[in-house]
Number of protein chains: 2
Amino acid sequence: MNYFDYAASAPMRPEATEAYVYCAKDFYANSESLHDPGALAGDFLQHARNKLADVLSVRSDSIYFTGGGSDGNFLAITALANGNKERGRHILVSPLEHPSVMNTVHFLQSSGFEVDTLPVRADGRVHAEDLNKCVRHDTILAIIQHANSEIGTIQPMSKIGALLRERDILLHSDCCQSFGKLSMSSVIPYVSSITVSSHKIGGPKGTGAVYISPGTRAIPLMQGGVHEQGFKHGTVDVPAIASFVTAALLAHAELDDWTLHMNNMRHKLLSIIMRSENIVVERSHSPVLPHFVPIRLKGMEGQYAMLELNRQRHAVSPGSACKSGQQEPSRALLSLGRNENEARELVRITLGKETNESEIEQLGKSLLTMAANHGLTKVREHA
Amino acid sequence: MNYFDYAASAPMRPEATEAYVYCAKDFYANSESLHDPGALAGDFLQHARNKLADVLSVRSDSIYFTGGGSDGNFLAITALANGNKERGRHILVSPLEHPSVMNTVHFLQSSGFEVDTLPVRADGRVHAEDLNKCVRHDTILAIIQHANSEIGTIQPMSKIGALLRERDILLHSDCCQSFGKLSMSSVIPYVSSITVSSHKIGGPKGTGAVYISPGTRAIPLMQGGVHEQGFKHGTVDVPAIASFVTAALLAHAELDDWTLHMNNMRHKLLSIIMRSENIVVERSHSPVLPHFVPIRLKGMEGQYAMLELNRQRHAVSPGSACKSGQQEPSRALLSLGRNENEARELVRITLGKETNESEIEQLGKSLLTMAANHGLTKVREHA
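Parameters at a glance
Counting starts from 1 at the beginning of each chain's written sequence and moves along it residue by residue. Chains carry letters and ligands carry numbers; both start at the beginning, A for chains and 1 for ligands, and go up in the order they are written. Restriction of local features to residues with pLDDT of at least 70 applies here, the model being predicted, together with a cutoff of 80 or more for giving and counting side-chain atom pairs; totals for whole chains, interfaces and linings are based on all residues. Side-chain calculation: all heavy atoms of the structure are included, whereas hydrogens and water are not. Residues are treated as being in contact if the distance between any of their heavy atoms lies within 4.5 Å. We define buried area as the total accessible area lost by two parts upon association, computed with a 1.4 Å probe and summed across both. We define a salt bridge as a side-chain nitrogen of Lys or Arg found within 4 Å of a carboxyl oxygen belonging to Asp or Glu. Here a polar contact is taken to be a pair of N or O atoms separated by no more than 3.5 Å, where protein atoms must pair a possible hydrogen donor with a possible acceptor and residues adjacent in sequence count only if both atoms sit in side chains. A run of H or I in DSSP counts as a helix once it spans at least four residues, and a run of E counts as a strand once it spans at least two, with each numbered from the N terminus. Here the term charged refers only to Asp, Glu, Lys and Arg, the term nonpolar to Ala, Val, Leu, Ile, Met, Phe, Trp, Tyr, Cys and Pro, and the term polar to all other amino acids, Gly among them. Here the limits of each domain have been adopted from an automatic or database domain assignment. Axis definition: a line fitted to C-alpha atoms, limited for helices to the stretch in contact. Angles are taken between N-to-C directions and run from 0 to 180 degrees. In this scheme, roughly parallel covers angles under 35 degrees and roughly antiparallel covers those over 145, while 65 to 115 is roughly perpendicular and the rest are oblique. Here a crossing is called left-handed whenever its near helix is offset anticlockwise from the far helix by less than a right angle, and right-handed whenever the offset is clockwise. The fit set for superposing copies consists of C-alpha atoms from residues with pLDDT of at least 70 in both; the fit itself is least squares. We treat two strands as partners when DSSP finds at least two bridges between them. Here a Phe, Tyr or Trp ring, Trp counted by its six-membered ring, pairs with any other such ring whose centre lies within 6.5 Å, and the pair is stacked when the planes are under 30 degrees apart, edge-to-face when over 60, and tilted otherwise. Buried, partly exposed and exposed residues are distinguished by accessible area as a fraction of the type maximum, computed with a 1.4 Å probe on protein chains only: under 20%, between the cut-offs, and over 50%, respectively. Either the NZ atom of lysine or the CZ atom of arginine qualifies as a charge over a ring when it sits within 6 Å of the ring centre and within 35 degrees of the ring normal.

1. Quick word on the interface of chain A and chain B
Part 1 of the reasoning: Between chain A and chain B, the contact holds 57 residues from the first and 57 residues from the second.
Part 2 of the reasoning: Together, the buried faces of chain A and chain B total about 4,600 Å²; carbon and sulfur atoms form 62% of this surface.
Part 3 of the reasoning: The interface formed by chain A and chain B includes two salt bridges.
Part 4 of the reasoning: One can count 18 residue pairs in polar contact (both at pLDDT 80 or more) joining chain A with chain B.
Part 5 of the reasoning: For the side of chain A that touches chain B, the secondary-structure elements that each account for two or more residues are helix 1 (14–26), helix 2 (36–56), helix 3 (69–84), helix 4 (99–110), helix 7 (238–253) and helix 9 (302–311) of chain A.
Part 6 of the reasoning: Considered class by class, the residues forming the side of chain A that touches chain B number 28 nonpolar, 23 polar and six charged.

2. Some remarks on the domain arrangement of chain A
Residue and element names in this part refer to chain A.
Part 1 of the reasoning: When its domains are assigned, chain A resolves into domain 1 (2–7 + 255–369) and domain 2 (15–252).
Part 2 of the reasoning: Between domain 1 and domain 2, the contact holds 26 residues from the first and 29 residues from the second.
Part 3 of the reasoning: When residues of domain 1 are sorted by the area they lose upon contact with domain 2, Leu255, Leu289 and Arg331 head the list and together hold 29% of the total.
Part 4 of the reasoning: Seen at the junction of domain 1 and domain 2, the total is zero salt bridges.
Part 5 of the reasoning: At the junction of domain 1 and domain 2, the tally comes to 13 residue pairs in polar contact (both at pLDDT 80 or more).

3. Structural notes on the packing of helix 1 (residues 14–26) of chain B against helix 7 (residues 238–253) of chain B
Residues and elements named next belong to chain B.
Part 1 of the reasoning: Taken N-terminus to C-terminus, the directions of helix 1 and helix 7 make an angle of 150°; their axes are 8 Å apart at the nearest point. Considering their axes alone, helix 1 and helix 7 lie roughly antiparallel with respect to each other. Helix 7 is crossed by helix 1, and the crossing has right-handed handedness. Residues Glu15, Ala16, Thr17, Ala19, Tyr20, Cys23 and Ala24 of helix 1 touch helix 7, and the partners they reach there are Val238, Pro239, Ala240, Ala242, Ser243, Thr246, Ala247 and Leu250.

4. Thoughts on the relation of the copies chain A and chain B
Part 1 of the reasoning: Of the transformation placing chain A onto chain B, the axial shift is 0.0 Å and the rotation is 180°, giving an RMSD of 0.0 Å. Such a combination of turn and shift is consistent with a two-fold rotation axis.

5. Focus on the environment of Leu255(A)
Residue and element names in this part refer to chain A.
Part 1 of the reasoning: As for its placement among the helices and strands, Leu255 is situated in helix 8 (residues 255–273).
Part 2 of the reasoning: C-alpha of Leu255 to C-alpha of Leu40: the two residues are 215 residues apart in sequence and 31 Å apart in space.
Part 3 of the reasoning: Leave out the neighbours within four places in its chain, and Leu255 touches Gly180, Lys181, Leu182 and Ser183.

6. So, the sheet that holds strand 6 (residues 170–174) of chain B
Residue and element names in this part refer to chain B.
Part 1 of the reasoning: Taken in spatial order, the seven strands line up as 2-8-7-6-5-3-4 in an open sheet, and their pairing is mixed. Unpaired on one side and paired on the other, strand 2 (63–66) and strand 4 (114–117) mark the two borders of the sheet. Taking each pair of neighbouring strands and ignoring which way they run, the sheet shows an average axis angle of 20°.
Part 2 of the reasoning: As judged from the four bridges shared by strand 2 and strand 8 (residues 208–212), these two strands associate in the antiparallel manner. Residue pairing for strand 8: Phe65 is matched across the bridge by Ala209.
Part 3 of the reasoning: Strand contacts of helix 2 (residues 36–56): strand 2, strand 7 (193–197) and strand 8, with the helix running at about 115° to strand 2, the strand carrying the most contacts.

7. Things to note about the packing of aromatic side chains
Any aromatic ring pair is given by two values, namely how distant the centres are and how the planes are angled relative to each other.
Part 1 of the reasoning: The full count for this structure, using the stated rule, is 19 aromatic pairs over all chains.
Part 2 of the reasoning: Seen from their ring centres, Tyr20(A) and Tyr20(B) are 4.0 Å apart, and the 0° between their planes marks the pair as stacked. Of the two residues, Tyr20(A) sits in helix 1 while Tyr20(B) sits in helix 1, which places them in two different chains.
Part 3 of the reasoning: Aromatic side chains Phe74(A) and Phe107(A) sit 6.0 Å apart centroid to centroid with 50° between the ring planes, which places their arrangement in the tilted category. Of the two residues, Phe74(A) is situated in helix 3 and Phe107(A) in helix 4; the sequence distance between them amounts to 33 residues.
Part 4 of the reasoning: In this structure Phe107(A) comes out as buried when scored by relative accessible area, which is 9%.
Part 5 of the reasoning: Grouped by ring-pair contacts, the aromatic residues Tyr3(A), Tyr6(A) and Tyr28(B) constitute a single cluster.
Part 6 of the reasoning: Against the face of Phe113(A) rests Arg89(A), its NZ or CZ located 5.2 Å from the ring centre.

Below is the structure:
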């Protein structure tokens, strides 16, 4: 099977697995326990926190380990909203966010917050001018992802962040798709908080982290915890964190090589599939994550194309993995101006470290054949 | 180092680590993805769910995997409260609960629920007659742990459950300390939901499960999720779950042998330390978890005793691990009628599979010496 669904989940790096096993064996005590085994686990955890802080160029006490990307989005957004509700109850959110963000926002709505959706222009991006028009006197928080999980569009975080800072509004940015794929230096200085995920960069599932900018008022929904400065409840999963940070360090060290490899693989795939006029490549003119190749086979639902590609031993996604089984038009494509039928045609191909030329050639060939046969079918239907 | 803090966290079983590594390598796709790698991960997850359902003798669709015990308590309690708030807003809770339960209950209080604390008698247990007196017409939920995390007292779940069922009140029971240590058949028929943890039985941290009795009205706080029937957000951590269930199956299979071993080790330790009249064994006359040996060294704070034992290479706990660093009187000892000073003397010794006679002898010797020297110190102080 050729795996082209790296944006959903990536295989664990062998080094990350080794770190997990090593840590699970020798550092199993509760990292908050005051005896020596607890202190050892606690030291190991602090070491991991320092290393992740280095990768992000932030203070280590601004890092909070979580139970993954969705957990991180929930914890960070509710803590920012809860910590600032005395200042106002209005929240702005882009329409491109991951379901974990949208569901958190709906929860906040049911708890008395007001939410408005930000406009997105045809380049797939939130523009600072438009954002400025949506701001009210009681706006406390804007939620704008770094990179989109359906088509990979990268948002102009510095412009957005500068405007929001000027107006004293917090900014949470879901960086689960971009962390380990882009330098976070284009995000960190402009945000109040970010969420990162482990399993999308070759770390274990079930862990991740939130960064909260020092001085930001954040009050967790559930009070009284002792782990992670009260941000996240429950015994800290030190082995998973050690493994995650190992993967993060490797991804960081290999970023240039990985980017080059992604560019090569993507160009290779594009050069093949662009031969067909039935295939539309949905890369906007704005910057896009290098491992994303979002396409449409004209007239073919994404879910159908995904199943057909699966039969040909290629694993791709019809969009954001968390929504599979619920076929809805891609919100990212709708925001680019595609109609509902076109937005249902999205096929998300995402490449990874292990992707090679032979796999790309096989995928390209399958797509060309599908596009040609489907075009033929449509001609026949219309005849 | 001799480890006597199994109730805080246990070392991972080698079989559980193997299961983790195997699954992380070959079943890394998102278990909700519709392509073959996703379906394989999904099948693996379903297999694990079926196996855990077998252990609990429940339907597999009543099992929801979580991010651990604390996460499970939060998710289950808020879902039961949220799902039944139209019927009433009164909740009863025992004073012996884990911080994750108490913190969840405080969160519910801030969301408009009323909470009353149940009385506990000198045997460390909630009695059905007392519970009955606390019930109001608008009581929807009682929260009573199966076994206490400080001194191991086991609650009379069948009597409590029968009363609550009669009065149409839901019962959530935190079974994180008892799961894998006692048969759950004495709990499951009497409850609406239970929480179990993985890392206390030799599985990985960061995972666990909630059982919700079929037909129970439960509405998660955060709506719209697709994983775990909408109960828990985020990509499911299939490797950790496979590893957890492996540990659960082994614990279940070895339960009789383990119980025998615990009884032997406990009796051995008791036979040594009961020689000193400065050591009080805090095992009530009610049933207690077999691996718990809660003691007090008269006149010595538990935290101090813990640190002194640590110097002598024994890792014990001053109480519930999640509260270390915050020295408070043990709520379990207070409920048994001890005064505040006595309740600060708790030393929680918890044994495990790997505990052996030699370790027990060393621990017993250290405790006797400490008790003798401390007694001597006190005599000198009073002279």
